[in-house]
Amino acid sequence: MSSTSIFLQIIFNGAMLGIQYSLIAVGFSLFFGVLDVINFAHGDIFMLGAFVSLTLINVTGLLNTSGATYVFLLILVIILSMIIVGGLGVFFERIVVKPVSKGPTLMSLVATLGLGIAIREAVRLFYPRGSETKRFPELLVKLFPGKEAIEFKGIILRYDNLLILAVGIIVVILLALYINKTKMGLTIRAVAQDAEAASMMGVNKNLIIDVTFFIGSALAALAGFMNGLYYNSIIFDMGAMAGIVGFSAAVIGGLGNIYGAIVGGFLFAMVESLSAALIPRGSEFMTVIAFAVVILFLVFRPSGILGERAYERV
Amino acid sequence: MKGPLRLVGLGIIILLVFSPLLVFNYGCKPKEEEKKVVKIGFIGPLTGKYSKMGIGGLNSFKLAVMQQNNSGKNKYIYEVVPFDDECVPQKGVEVATKCCSDPEIVAAATHYCSMVAISCVDVYHKFGLPAIVWGAVLPDITYGNDYKEVSRVNGTQVEQNEFNAHLMVDELGFKKFCIIHDTTDYGRGHLKYFLKALKKRGIEPLSIDGITIGQKDFTTILTKIKALKPEVVYFGGLTAEGALIKSQMDKLGVKAQFLGTSGIKSDDFNTSLGEHAEGTICMLDGAPIEKMPGGLEFKKAYEEAGFKEPYEAYGPFAYCAANIIIKAVEKVGPDREKLVEEIDKTDTEDIIGRIHFNEYGQNDVPLVTAYVSQDGQWVPWEDSLYAKGERELPGFAYREGREWVNPYQGP
Amino acid sequence: MKKESKFLDYIKIILVEIVAFFLFLFFLKIESIWIVIAAILLAILIYFLSKIYKEKFRALIELFSRYQNFAIGVLFILLIIYPFISPLIITHSTYWMLILIQTGIYIMIALGLNFQLGSTGMMNLATAAFYGIGAYTAGLLALKLGWTALLTIPLGGLAAAFAGLLLVIPIYRTKGHYLALVTLAFGFMLVLAADNIEIIGGPQGLKNIPPVNIFGYNFLTEIGSLHFYTNYYYLVLAILGITIFIFARLFNSWIGLTSAYIRDDEPAAKGCGININLRKLLVFVFGNFFMGVAGAIYAHMIGFISPPNFQFAQSLLIVAIVIIGGMDNILGVIVAAILLVVFPEKLRVVTEYRIFLYGILLVVTLILRPRGILPFGPRKYDSSILKFARKGGS
């Protein structure tokens, strides 16, 4: 394989992973910004996204339809799962995250850790045959009858993967626009910067926190759905590592900084992809090499790539 | 506030006086029953990713014990004490210690995960508990030590991989292999013995790649393999990674035959891949259940017993382990030392056929069956439509440069 | 008058400890699901009692902190006689002894982390990795070179301490959750390295590490009718005692005070002339030493160590122990360790749901007591410190 094609393959793989990591990392930054919490259950929200989508797919009988009905139902399933998991995110926030946010940030870390464990095990125990690896159907192939992939400079680009990537990027752009151009986005940023001042200006702090958790969880759910489509399999513990990576990505970018989270997610994925391709036995080590790069990064830019949103109060 | 204070004080005194009594007297032994109860342990992964294998083994074990107890022919009544090793070595050592330190447990059937089994053999030796392995295939578990306490009813990776190579090279004529293995001792074990078997036939693999447990993305390795154009991709590892590899192989368009070991012989492999599992070949020690001398009866009894979970690949072995233990206890009594001696001499017949423990405690009746995934089920090779020529293996089509049409018709 | 009430106080402490001791034994003894229910009911009962009898409870806790040394002394006596009593009462006494020793080892690690995190505010998510370094060092030295435990255990500690030095640059340059991430990454790297380096065993780990052998006394020998694990029990008890002593003294010392200062308000501490970076480094290295010692003991005792023993999940367990125990609180750490290590073992009777309940346990404990079970309050100083301060200490 020519070096251009290897290079392109690396970029493409990195992008596919990166979009998923970014969506999760954004959640971490949002939650930290608005509530000063590190939510280690977020990875398991990602997992819930995948499982809820799978359930909806089966319940609506999506696989038996075709044509316009298919497309309609598909979009419905995605949006519905995002709403449901977004709602679950708010639910968990109300009963677990908010109560422990009053203490030091590290408390929230441990508490959400426990929450994550509980969610993971709950799926394993109570979802029908939860401990099994579940097949996630190749939903997007139906949209491209006949041809599955195009060949581009020596590498195979599957249409369904391209679609996943495209949707992900669109969502990320929409998110950025939302945070920056809408009133709600402005309010969220206000609460993130200084919750007390914001509430003095008439902002309903609790409502904003709910909205933030809803958005963060919905994004993670979308990432879970994408992950299912990409690997065609989901399992109850898929959220554990995803959460750690998402957290790392958010920190690299500067915890609390949405753009940073997105950059961090792609960066982490690119490093993984590069190491897997170029370093001998790199596939085994790719996550670890990415972590090493993270350490080096933090040594030279301790506040993250794009900087953390707050400065130390003296 | 003298009243409540008095009450609390009184309460404390009562608690204090009674607590030692409570502690010493609770759990008085019931009156002597007609038959003495003998406890035997069962250790396996009852939670976590491989819980299905563990529970399948446990159920089969329980079935054997139930049948023995109901037969009324025995001197003792047997009770199963299950332990969960979670497929984690440290946990395994802990529960092995717990099992061994219970004086009432006289023997145990142990482990599906090789990584756990290999760490626990020392524990059984330290405590002198006879332990029969029912599912772990790493050869070192029996061959790597001369502990009399440790024996095994199922086969090892040596026989599995020898048979693998025999089928693929000698019978089906494949020559170009790319090997993927997981980096645990289990995966490395498969690698070692498969390489040996290939070398015996004068074949060197085109590539060898290691992957870690829990890894999800194999696109880089598979891209590299695709460029090498092998006829067969061999995977030495377990279902979780195996299924992902096969799925990504198909997506990337790697046109080769997928070959696995007992690690992927599970229902999960087929259900999680659907039509993409079709045509995969794997191995399992022992004869297929229908061909086993007692296999059909076992199947029927298992279904009638109403277990929720399937008995999975190694259930029958756990079943036999139970029978071996019970037979030994009936002969020499519930004494660990005597049982170690007795079990070590095992040469008997059970549903899986003849069982003979060699000087390492390993059942050396070499029986391995190849299976092919056909319509969502693992079918023994000789019985399959592929062996009969009615369906074509993907490997055959690919090595002739043709496209392979998936004959999958649903489970 | 004073003498009488003091005597009464001592009696009260002894009574409470003995009752707790027997209740604990009782708890370990029972093997059914009723124990789970009973324990939960008991916990709820105690919670409500503490609310109703607020003053009584506070007086009781006050009592324990006033006569802390005496209370700890009584506790140690009870712990020393435990191995002789437990086989008479509990069936699986060897197993529980193993669990208690394991708890003791975790307490040692947690105390190290407590010094780093609770006292100085440094988040260390690689505790299990340093524990592992101690274990591997001791294991390799004993296995390949045949060195005795008298050497391997301290060397294990030193190895972990020096490994901490590797992180000197990140410690100097990063703060708070960034340091957390650095340690997290470091921990992962160490585990993966161990997994792939064949000389130290690779994923199979090290087997047959020789047991502790001091001056010819092999720890595999039984003490009378007691199981050989009892040797390790006393070893851990002794070393743990020393560890607790060291940390308690540190807590009350100038070092403890200034470390807390760094934790609470770093810029102000800097303004007082404390060399923040040097202190953080020393604290980090010192805390790691104990984690390494704990690992070394574990290696000798179990005789088998492998990379999965030392993963991120274990680090999180230690972090949970420190945070739930109430940071910077030695007694809290001990209580939390018992809660998070012994209790889940009991839950094995409900095997299927064990991990699930464990998660719920973490969540509920932190919601009900967000500052930890025994959170640290403002420090209490008696007149001797005031004298010191008046003299104008350095």
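A quick note: this is a predicted structure, and the numbers were derived from the prediction, not measured. (Residues numbered from 1 in each chain as written. Chains lettered and ligands numbered in written order. Predicted model: local features only at pLDDT ≥ 70, side-chain atom pairs only at ≥ 80, totals over all residues. Heavy atoms only, no water.)

Counting its regular elements, chain A contains 11 helices and four strands. The globule rule puts the C-alpha radius of gyration for 314 residues at 20 Å, and the 20 Å found for chain A is close to it. If you line up chain A on its principal axes, its C-alpha atoms span 60 × 45 × 40 Å. For chain A, buried positions account for 60% of its 314 residues. Here the contacts in chain A between residues at least 6 apart in sequence split such that 77% fall between residues at least 24 apart. For chain A, the accessible area works out to roughly 12200 Å², and carbon and sulfur atoms hold 69% of it. Charged side chains of chain A number 20 positive and 17 negative; the gap between the two group centres comes to 5 Å. (Helix = DSSP H or I, 4+ residues; strand = E, 2+ residues; numbered from the N terminus. Rg over C-alpha atoms; globule rule 2.2 N^0.38 Å. Buried < 20%, exposed > 50% of the residue type's maximum accessible area, 1.4 Å probe, protein only. Contact = heavy atoms within 4.5 Å. Areas by Shrake-Rupley, 256 points an atom, 1.4 Å probe, with all protein chains shown as cover. Lys, Arg positive; Asp, Glu negative; His and termini not counted. Charge placed at Lys NZ, Arg CZ, Asp CG, Glu CD.)

Another point: the overall build of chain B. When helices and strands are tallied, chain B shows 14 helices and 14 strands. On the principal axes, the C-alpha backbone points of chain B span a range of 90 × 60 × 40 Å. Burial status across chain B gives 64% buried among its 411 residues. In chain B, 69% of the contacts between residues at least 6 apart in sequence involve partners at least 24 apart. For chain B, the accessible area works out to roughly 16000 Å², and carbon and sulfur atoms hold 55% of it. Separation between the mean location of the 47 positive side-chain charges and that of the 55 negative ones in chain B comes to 3 Å.

Moving on: helix H9 (residues 238-253) of chain A. Residue and element names in this part refer to chain A. Here H9 is 16 residues long and its end C-alpha atoms lie 23 Å apart, about the 22 Å a rise of 1.5 Å per residue gives. Counting buried positions along H9 yields 14 of 16 residues, so the element is predominantly enclosed. Of the residues trailing H9, Gly-254 is marked for its positive phi of about 100°. (Expected span 1.5 Å × (residues − 1).)

As a further point, take the domain arrangement of chain B. Often, the extent of an interface is quoted as the loss of accessible area on bringing the components together. All names here are of chain B. By domain assignment, chain B separates into domain 1 (37-155 + 289-356) and domain 2 (158-285 + 375-399). Computed from C-alpha coordinates alone, the two centres of domain 1 and domain 2 are separated by 29 Å. At the interface, 20 residues of domain 1 touch 23 residues of domain 2. Summed over both sides, the interface of domain 1 with domain 2 buries roughly 1600 Å², with 56% coming from carbon and sulfur. Linking domain 1 with domain 2 are one salt bridge, by the criterion used here. In this structure, Asp-268 engages Lys-52 in a salt bridge whose closest nitrogen and oxygen atoms are separated by 3.7 Å. (Domains from an automatic or database assignment. Buried area = accessible area lost by both parts, 1.4 Å probe. Salt bridge = Lys/Arg side-chain N within 4 Å of Asp/Glu carboxyl O.)

Residue and element names in this part refer to chain B. Relative to strand S14 (residues 377-380), strand S13 (residues 368-374) runs antiparallel, the two being bridged by four bridges. The residue of S14 that forms the bridge with Tyr-371 is Pro-380. Hairpin geometry of S13 and S14 is characterised by an intervening segment of two residues between the two adjacent antiparallel strands and by a positive phi of about 50° at Asp-375. (Pairing = 2+ DSSP bridges.)

So, about helix H6 (residues 127-144) of chain C. Between its terminal C-alpha atoms H6 of chain C stretches 25 Å, which fits the 26 Å expected from 18 residues at 1.5 Å a residue. Once H6 of chain C finishes, Gly-146 of chain C follows within two positions and takes phi at roughly 70°, a positive value.

Once that is clear, we can look at the interface of chain C and chain A. Counting from both sides, the interface comprises 38 residues of chain C and, opposite them, 46 residues of chain A. Summing both sides of the interface, chain C and chain A together bury roughly 3800 Å²; the carbon and sulfur share of this comes to 81%. Interface area lost by chain C to chain A is led by His-177, Tyr-178 and Leu-181 of chain C, which between them contribute 17%. Where chain C meets chain A, there are zero salt bridges. Viewed at the interface, chain A and chain C are joined by zero residue pairs in polar contact (both at pLDDT 80 or more). For the side of chain C that touches chain A, the elements supplying multiple residues, two or more each, are helix H8 (168-173), helix H9 (176-196), helix H14 (312-325) and helix H16 (354-368) of chain C. (Polar contact = N/O pair within 3.5 Å; in protein donor to acceptor, adjacent residues only side chain to side chain.)

So, about the sheet that holds strand S1 (residues 37-44) of chain B. All names here are of chain B. Strand order in this open sheet of five strands is S2-S1-S3-S4-S5, and the pairing throughout is parallel. Of all strands in the sheet, those bounded by a partner on one side alone are strand S2 (77-84) and strand S5 (150-152). For this sheet, the mean angle separating the axes of adjacent strands, direction not counted, is 25°. Of the pairings in the sheet, the one linking S1 to strand S3 (residues 105-110) comprises five bridges and is parallel in character. (Axes fitted to C-alpha atoms, helices over the stretch in contact; angles between N-to-C directions.)

What follows deals with the packing of helix H2 (residues 42-60) of chain A against H9 of chain A. Residues and elements named next belong to chain A. Direction vectors running N to C along H2 and H9 enclose 135°, while the axes themselves pass 7 Å from each other. Between H2 and H9, the angle falls in the class oblique. Crossing hand, H2 versus H9: right-handed. From H2, Gly-43, Asp-44, Phe-46, Met-47 and Ala-50 reach across to H9, where they touch Met-238, Gly-239, Ala-240, Ala-242 and Gly-243. Each residue belonging to the contact of H2 with H9 can be placed in one class, and the counts come to six nonpolar, three polar and one charged. (Parallel < 35°, antiparallel > 145°, perpendicular 65-115°, else oblique. Left-handed = near helix turned anticlockwise from the far one by under 90°. Nonpolar A, V, L, I, M, F, W, Y, C, P; charged D, E, K, R; others polar.)

Moving on to the interface of chain A and chain B. Between chain A and chain B, the contact holds 31 residues from the first and 29 residues from the second. The contact between chain A and chain B buries some 2500 Å² in all, and 47% of this surface belongs to carbon and sulfur atoms. Our count for the contact surface shared by chain A and chain B stands at zero salt bridges. Viewed at the interface, chain B and chain A are joined by six residue pairs in polar contact (both at pLDDT 80 or more). Breaking the side of chain A that touches chain B down by element, the ones donating at least two residues are helix H1 (3-35), strand S1 (134-135), strand S3 (155-158), helix H8 (205-231), helix H10 (258-278) and helix H11 (282-300) of chain A.

Let us look at the packing of helix H11 (residues 254-264) of chain C against helix H13 (residues 276-302) of chain C. All names here are of chain C. Viewed as axis vectors pointing N to C, H11 and H13 meet at an angle of 115°, and their least axial separation amounts to 11 Å. Judged by the inter-axis angle, H11 sits roughly perpendicular to H13. Two packed elements cross with a definite hand, and for H11 against H13 that hand is left-handed. Between H11 and H13, the residues in contact are Ile-255, Thr-258, Ser-259 and Ile-262 and Ile-276, Arg-279, Lys-280 and Val-283, respectively. Considered class by class, the residues forming the contact of H11 with H13 number four nonpolar, two polar and two charged.

A few words on the packing of aromatic side chains. According to the stated counting rule, one finds 46 aromatic pairs over all chains in the structure shown. Between the aromatic rings of Phe-258 of chain B and Phe-269 of chain B, the centroid separation amounts to 6.5 Å while the plane-to-plane angle is 5°, which identifies the pairing as stacked. Taken together, the residues span a long stretch of sequence, with Phe-258 of chain B in strand S9 (residues 257-259) and Phe-269 of chain B in helix H10 (residues 267-273) at a distance of 11 residues. Judged by its relative accessible area of 1%, Phe-258 of chain B falls in the buried class. Residues Phe-130 of chain C and Phe-284 of chain C carry aromatic rings whose centres are separated by 5.8 Å and whose planes lie at 90° to one another, so their mutual orientation is edge-to-face. Here the residue Phe-130 of chain C occupies a position in helix H6, and Phe-284 of chain C occupies one in helix H13, the gap between them amounting to 154 residues. (Phe/Tyr/Trp six-rings, centres within 6.5 Å; stacked < 30°, edge-to-face > 60°.)

In this section: a nonpolar patch on the surface. Residue and element names in this part refer to chain A. Taken together, the side chains of Val-71, Ile-75, Ile-79, Ile-83 and Phe-214 present a nonpolar region at the surface, about 400 Å² in accessible area. No other element matches the four residues that helix H3 (residues 67-101) contributes to the nonpolar patch. Locating Ile-75 in the fold gives a position in helix H3. (Patch = residues over 30% accessible without salt bridge, like charges linked within 9 Å, V, L, I, M, F, W, Y side chains within 5 Å.)

This paragraph deals with the nonpolar core. Membership of the largest hydrophobic core comes to 322 residues, with the highest contact counts inside it found for Tyr-82, Ile-105, Phe-130 and Ile-321 of chain C. Looking at this core, the element that brings in the most residues is helix H5 (residues 93-119) of chain C, giving 17 residues. Excluding anything up to four places from it in sequence, Ile-321 of chain C contacts Tyr-106, Ala-110, Val-333, Ala-336, Ala-337, Leu-340 and Val-341 of chain C. Ranked by size, the runner-up nonpolar core spans 27 residues in total, among them Ile-179, Ile-203, Val-368 and Trp-381 of chain B. (Core = buried A, V, L, I, M, F, W, Y, C linked by side-chain atoms within 4.5 Å.)

Residues and elements named next belong to chain A. Predicted confidence across chain A gives a mean pLDDT of 85, with 93% of residues reaching 70 or more. Of all helices and strands in chain A, the one with the weakest mean pLDDT is strand S2 (residues 149-152) (74), whereas H2 scores best (94). Counted against residues more than four places away or in other chains, residues 310-314, with its pLDDT under 50, gives four contacts. (pLDDT = per-residue confidence, 0-100.)

To continue, consider the state of the cysteines. In a disulfide, the sulfur atoms of two cysteines are held together by a covalent bond. All names here are of chain B. If you walk through the whole model with that rule in mind, you get one disulfide over all chains. The side chain of Cys-87 participates in a disulfide bridge whose partner is Cys-113; the two sulfur atoms lie 2.0 Å from each other. Linking Cys-87 and Cys-113, the disulfide has an S-S dihedral of approximately -110° and is accordingly described as left-handed. Residue Cys-87 is located in the loop between S2 and helix H3 (89-100), and its partner Cys-113 is located in the loop between S3 and helix H4 (114-127); the two are separated by 26 residues in the primary sequence. In this pair, the class of Cys-87 matches that of Cys-113, namely buried. Sulfur of Cys-100: no disulfide; nearest cysteine sulfur belongs to Cys-99 and is 5.4 Å away. As a non-bridged cysteine, Cys-282 has Cys-113 as the owner of its nearest cysteine sulfur, 17 Å distant. Judged by relative accessible area, Cys-282 falls into the buried class, the value being 0%. (Disulfide = S-S within 2.5 Å.)

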